[in-house]
Amino acid sequence: MTERAMTEQPSQPSQPSKLFAYAPAPESRAVVDIAPSYGLFVDGEFREAAAGKVFKTLAPASEEVLSEVAYGDADDVDAAVRAARGAFGAWSALPGAERAKYLFRIARIIQERSRELAVLETLDNGKPIRETRDADLPLVAAHFFYYAGWADKLAYAGCGPEPRPLGVAAQVIPWNFPLLMLAWKVAPALATGNTVVLKPAETTPLSALFFADICRQAGLPKGVVNIVTGDGATGAALVAHPDVNKVAFTGSTVVGKEIARTVAGTDKRLTLELGGKGANIVFEDAPLDQAVEGIVGGIFFNQGQVCCAGSRLLVQESVQEEVLDALKRRLSTLRVGDPLDKNTDVGAINSAEQLARITELAEAGEAEGAQRWSPPCELPGEGYWFAPTVFTGVSQAHRIAREEIFGPVLSVLTFRTPDEAVAKANNTPYGLSAGIWTEKGSRILKLADQLRAGVVWANTFNKFDPTSPFGGYKESGYGREGGRHGLEAYLEHA
Amino acid sequence: MSTDAAPRDAGRGSLSDVVTSDAALRRFLQGLPGVDAVGLEARAAALGTRSIKTTAKAYAIDLAISMIDLTTLEGADTPGKVRSLCAKGANPDPGDRSAPRVAAICVYPDMARVAKEALAELGAGEINVASVATAFPAGRAAMPVKLADTREAVAAGADEIDMVIDRGAFLAGRYLQVFEEIREVKAACGGAHLKVIFENGELATYDNIRRASWLAMLAGADFIKTSTGKVGVNATPPNTLLMLEAVRDFRAATGRQVGVKPAGGIRTAKDAVKYLVLVNETLGDDWLSPDWFRFGASSLLNDLLMQRQKLSTGRYSGPDYVTVD
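Keep in mind the model is a prediction, meaning the values are calculated, not measured.

## What to know about the overall build of chain B
Phase 1: Counting secondary structure elements, chain B contains 13 helices and eight strands.
Phase 2: Principal-axis analysis of the C-alpha atoms gives chain B an extent of 60 × 45 × 30 Å.
Phase 3: Going through the 325 residues of chain B one by one, you find that 60% of them count as buried.
Phase 4: Considering only contacts in chain B between residues 6 or more positions apart, those separated by 24 or more positions represent 77%.

Structural data, given as structure tokens:
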């Protein structure tokens, strides 16, 4: 299952160091105890699926089976929604300050168990421990702390004078940031007094089940959070359930459209956070060394499996050569391999299916005439791996410039003027993220206004904070998560 | 060959034009790409999380010891103190003769001869004597005084001269004056290597540090050095990383390799290893030697030795098991 890297040398090679080779520095697996099997978490209890079906979850870095998880069908979804409905009355009647106590407690437990959760997430997802430890887990805890603070201040959030919760929220999340996407969904829902049925992704169910345990540890009332594991059919049953008041989905645009069709004509509220084809725009007066870091972080963070990834580099033609030379030199120092090694920069692709899609699109890029380059790197023999890849000579007409690859593949395009940069950046069905690199403040402000993207980063990329709203334009979805805006999706006014 | 940080037309060989006038030099230095402080600091912090264990740690500790400019720059320095420091540099760990020697002993000019003789007596002639000069640390003296200071040090046997730039002139925008001063001191050094100290804490902005780096390299510096150790902010991982990027880009533009010396505030083995990670991942093998990277430090050596003893014995020792000099 391995896509071998092409090992053509960069024009100005900077060989990885031979003198100072880092010894393996693996994070210990002993901090996490994964049970051989897990049930569904419904009404405060783990239980087997009604039909008794199970599925396996793998470690993508080794294809090792980590555990067996219950497969929830429509009956299980129904039981979970009933449990959530049953819990809603008491939960929503609690004073905000009381709900906040539970959220603060959950946040603290997440911090206390963060090492365990980071290792678990790295095992189940394949992403490097450096990222789960330094990005995912701190952000997860921060989200719960942040929304805990809102729970008793909802009347002052600008969502009307007496905002009310909606009821039962059906939440379907992706596999790229399993626990973080859970936090983005669950924290605002609970703070506002809703109850939750959450369906984690098929390939990464474990951290949500550990979260269920954290809910029990925090003494959260039964039925407030329910977790139903399964596949697309489980998710479809959940969003179609008649007693659900709110649907929140993060995932692909194809599935998002299906959900929108399902929900159409009902009184369910809907927010969608879908795909993207983010443009990272580098002007000739950019702080170059930092721009190169931002390009690398923009597309190789989480193996590029990020909906807001900067997957299109738009570089001003006058500096194209030096930016590309510097980028290739930098990519030659990326450390690809064992996700549990504390020095790994790029880990495994999440699934065989995803790897096949990345491989197919990269081959299309070559077939359509773009030039493919990867740094010399040795990929492990087992598991799902794809070398960091850069395509140059890409035009707007190429598939790799238009379709979301959701992998460590960067498409490089050029522009001549700011207007051309904006036109190219906006020339996509998506509108989730964009980055601007320039030392000129006035240009940043002007472009940020012109770019049709939900998030525009200036001289940085992939920066997240619970106080900052996140969401898309066009086919990247609608609704905002995070910040005060994130409350609106879970409240209605008098 | 492209020039990552140099202005677009600054290809190999064309750089002599930029020092023909104050205006040309200012245009060149101010045309260097800006530095985004947040991004630079984030990169330095990210590299600071590298986990250096077992064989890699042993390599890094020995390399760090061999890169130390073991320093005493006190008003209270005496020949006895300097001789004792030389003995420490020659035999850092009396209990383990396999510990490498330091790169240089760094002293004030009037102590250069003492250091030179002491090292010769110890049979440690390969350890260089580095002398600060040019009215260190403030640099507030007339140019003839600075040059005389330099010549004295060289005559007393200094192999390396650590000069300070005139920060006042730099901050006032008189770049060509700073350039000429470095050139004259370089000429006064003769065969001695010249390290140029910027005093990053006084230059204050990262943009200034990048400009000072190019200015000093254009003027002929063999090494660029962060600081004197005498002000509030000395070497930091971000300001050192920035200087590493500057020497990388300068070599790409001119073919000439320049060394880097962070100084001041690096006290622990853990810190030293972080700096070596910066060198490793920014410049690679070509700079991983005492010829191209140095630590200006005094207390760092003992912490490196304690970590070294821990690696070889499996036990932590204590300050009573390393020598105080």
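What follows continues from the structure just given.
## Describing the interface of chain A and chain B
Phase 1: Facing 33 residues of chain A, the contacting portion of chain B comprises 33 residues.
Phase 2: For the pairing of chain A and chain B, the buried interface totals around 2,800 Å² over both sides, and the portion due to carbon and sulfur atoms is 46%.
Phase 3: For the pair chain A and chain B, the interface holds four salt bridges.
Phase 4: With a shortest N-O distance of 2.7 Å, R248 of chain B and D289 of chain A are connected by a salt bridge.
Phase 5: The interface formed by chain A and chain B contains twelve residue pairs in polar contact (both at pLDDT 80 or more).
Phase 6: Contributing elements (two or more residues each) for the side of chain A that touches chain B: α4 (129-150), α9 (288-300) and α10 (320-331) of chain A.

## Focus: unusual backbone geometry
Residue and element names in this part refer to chain B.
Phase 1: The omega torsion across F136 and P137 is 0°, close enough to zero to call that bond cis.
Phase 2: Tracing the backbone shows P137 in the loop between β3 (128-132) and α6 (143-155).
Phase 3: Of note, A204 is a non-glycine position whose phi angle comes to about 75°, a positive value.
Phase 4: Inspection of the secondary structure puts A204 in the loop between α9 (200-203) and α10 (206-218).
Phase 5: For A204, a relative accessible area of 62% corresponds to the exposed category.

## Description of the state of the cysteines
Residues and elements named next belong to chain B.
Phase 1: A full pass over the atoms with the stated rule returns zero disulfides over all chains.
Phase 2: With no disulfide of its own, C86 lies closest to C106 among cysteine sulfurs, the gap being 11 Å.
Phase 3: Cysteine C189 remains unbridged, with the sulfur of C106 as its closest cysteine sulfur at 13 Å.
Phase 4: The exposure class assigned to C189 is buried, which follows from its relative accessible area of 1%.

## A few points about the sheet that holds β3 of chain B
Residues and elements named next belong to chain B.
Phase 1: A sheet is described by the order of its strands in space; here eight strands give the open sequence β7-β6-β5-β4-β3-β2-β1-β8, paired in parallel fashion. Every other strand in the sheet has two partners, leaving β7 (259-261) and β8 (295-297) as the edge strands with one partner each. Along the sheet, successive strands turn relative to each other by an average axial angle of 25°, direction set aside.
Phase 2: Bridge analysis of strand β2 (residues 104-107) against β3 gives four bridges, and the strand direction is parallel. By the bridge assignment for β3, C106 is matched with A130.
Phase 3: Against the sheet, helix α13 (residues 300-313) contacts β1 (68-71) and β8, and its axis sits at roughly 125° relative to β1.

## Things to note about the pattern of salt bridges
Residues and elements named next belong to chain B.
Phase 1: The full count for this structure, using the stated rule, is 50 salt bridges over all chains.
Phase 2: Put simply, R294 and E160 hold a salt bridge, and the shortest N to O gap is 2.8 Å. Within this pair, whereas R294 is found in the loop between α12 (269-282) and β8, its partner E160 is found in strand β4 (residues 160-164), the two being separated by 134 residues in sequence.
Phase 3: Relative accessible area serves as the criterion here: at 4%, E160 is assigned to the buried category.
Phase 4: Via salt bridges that share partners, D69, E160, D162, K195, K225, K261 and R294 belong to a single interconnected network.

## Focus: the side chain of R99 of chain A
All names here are of chain A.
Phase 1: Residue position: R99 is located in helix α2 (residues 96-112).
Phase 2: Within the structure, R99 has its side chain in polar contact with the backbone oxygen of L190 (distance 3.3 Å).
Phase 3: Residue contacts for R99: discarding those within four places in its chain leaves W91, S92, L94, A151, L154, L190, A191, T192 and G193.

## Brief notes about the packing of aromatic side chains
Phase 1: A full pass over the atoms with the stated rule returns 23 aromatic pairs over all chains.
Phase 2: Where W175 of chain A meets F406 of chain A, the ring centres are 5.4 Å apart and the plane angle is 85°; that geometry is what we call edge-to-face. Linking W175 of chain A in the loop between β8 (168-172) and α5 (178-191) with F406 of chain A in the loop between α12 (399-402) and β18 (409-415), this pair joins segments that are 231 residues apart in sequence.
Phase 3: On the basis of relative accessible area, W175 of chain A is assigned to the buried category, the value being 17%.
Phase 4: Ring geometry for Y275 of chain B versus F295 of chain B: centroids 6.2 Å apart, planes at 90°, classification edge-to-face.

## Some details on the domain arrangement of chain A
Residues and elements named next belong to chain A.
Phase 1: Domain annotation for chain A reports domain 1 (29-274 + 473-492) and domain 2 (276-458).
Phase 2: One C-alpha centre belongs to domain 1, the other to domain 2; they are set 29 Å apart.
Phase 3: Facing 32 residues of domain 1, the contacting portion of domain 2 comprises 35 residues.
Phase 4: Buried surface at the junction of domain 1 and domain 2, summed over both partners, amounts to about 2,700 Å²; 56% is from carbon and sulfur atoms.
Phase 5: On the domain 1 side of the contact with domain 2, W175, Y473 and K474 bury the most area, a combined 21% of that side's loss.
Phase 6: The interface formed by domain 1 and domain 2 includes one salt bridge.

Parameters and conventions
Residues numbered from 1 in each chain as written. Chains lettered and ligands numbered in written order. Predicted model: local features only at pLDDT ≥ 70, side-chain atom pairs only at ≥ 80, totals over all residues. Heavy atoms only, no water. Helix = DSSP H or I, 4+ residues; strand = E, 2+ residues; numbered from the N terminus. Buried < 20%, exposed > 50% of the residue type's maximum accessible area, 1.4 Å probe, protein only. Contact = heavy atoms within 4.5 Å. Buried area = accessible area lost by both parts, 1.4 Å probe. Salt bridge = Lys/Arg side-chain N within 4 Å of Asp/Glu carboxyl O. Polar contact = N/O pair within 3.5 Å; in protein donor to acceptor, adjacent residues only side chain to side chain. Disulfide = S-S within 2.5 Å. Pairing = 2+ DSSP bridges. Axes fitted to C-alpha atoms, helices over the stretch in contact; angles between N-to-C directions. Phe/Tyr/Trp six-rings, centres within 6.5 Å; stacked < 30°, edge-to-face > 60°. Domains from an automatic or database assignment.

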